[in-house]
Amino acid sequence: MKNVLNNSKKGILMVTLFATLLSFANEGSFSTIKDDAKTTALTLSNVKAGNLLYIKDANGEILYSELIQKSGIYIKGFDLTSLPEGEYVFELDKDLETKTIPFTVSFKNIVINRSKETTSFKPYVSQKGNLLFVSKLSPNQEAVKISVYADNNSEYELLHSEKIEGIQSVERVYKLEKGNYKIVISSNNKEFTKFINN
């Protein structure tokens, strides 16, 4: 009798485990948006405390920003009908990536442009001793420009610049002398700057 109960409990546990795994396997998009007459409900999965959520207009102006307070699933309703007609984007700024969900406001109607959702990857810059490591994921093989500037009495002098194209994973190592440096990495019409004190 004890074995039957134990086997029964194990069976229920296995079914629950497989159902959980299947729900993760079927998870396609990182977001869900539900629109009713007044409120647009935004649900984002896999957020971390410290991520930033923005609503930006077509010119990149920040209309709304929020620091995510809790890791896991983010859910919030937005009244987007008060925005002027035009193109906008929800932007989730994570550690090493930025995800965007474009939407259009027209005649108080909100249209989510799912086919234009994007994920762009940020560069990762680290230093070990006098070595500077730069890596950047470029799944569509977009061009990446890396520029290294030296600080000469608060004026930055370009020491090295290179444009890398046609590869998905950019990885570079630079040897730095003692001093202060500014590293500028440009890709996908975005620029990332990191200051190094060596």
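Residues numbered from 1 in each chain as written. Predicted model: local features only at pLDDT ≥ 70, side-chain atom pairs only at ≥ 80, totals over all residues. Heavy atoms only, no water.

A look at the sheet that holds strand β10 (residues 124–128)
Item 1. One open sheet accounts for three strands, arranged β10-β11-β14; its pairing is antiparallel. For this open sheet the edge positions go to β10 and β14 (169–175), each flanked by a neighbour on one side alone. Each strand of the sheet is rotated relative to its neighbour by a mean of 15°, with strand direction disregarded.
Item 2. By the bridge criterion, seven bridges tie strand β11 (residues 131–137) to β14 in an arrangement that is antiparallel. Bridge assignment links Leu131 to a residue of β14, and that residue is Lys175. (Pairing = 2+ DSSP bridges. Helix = DSSP H or I, 4+ residues; strand = E, 2+ residues; numbered from the N terminus. Axes fitted to C-alpha atoms, helices over the stretch in contact; angles between N-to-C directions.)

Concerning the sheet that holds strand β12 (residues 144–152)
Item 1. Taking strand neighbours across the sheet as the criterion, the four strands line up as β13-β12-β15-β16 in an open arrangement whose pairing is antiparallel. For this open sheet the edge positions go to β13 (155–164) and β16 (190–197), each flanked by a neighbour on one side alone. The mean inter-strand angle of the sheet, taken between neighbouring strand axes irrespective of direction, is 20°.
Item 2. In terms of strand pairing, strand β15 (residues 180–187) meets β16 through eight bridges, oriented antiparallel. Residue Ile185 lies in a different strand from β16, and its bridge partner there is Phe192.

Digging into the pairing of strand β6 (residues 86–93)
Item 1. With six of eight residues buried, β6 lies mostly within the body of the structure.
Item 2. Judged from the six bridges that link them, strand β3 (residues 52–57) and β6 form a sheet pairing that is antiparallel. Bridging across to β6, Leu52 finds its partner in Asp93.
Item 3. Pairing between β6 and strand β7 (residues 97–106): eight bridges, direction antiparallel. Looking at the pairing, Leu92 lines up with Lys99 of β7. (Buried < 20%, exposed > 50% of the residue type's maximum accessible area, 1.4 Å probe, protein only.)

Structural measurements only, silent on function.
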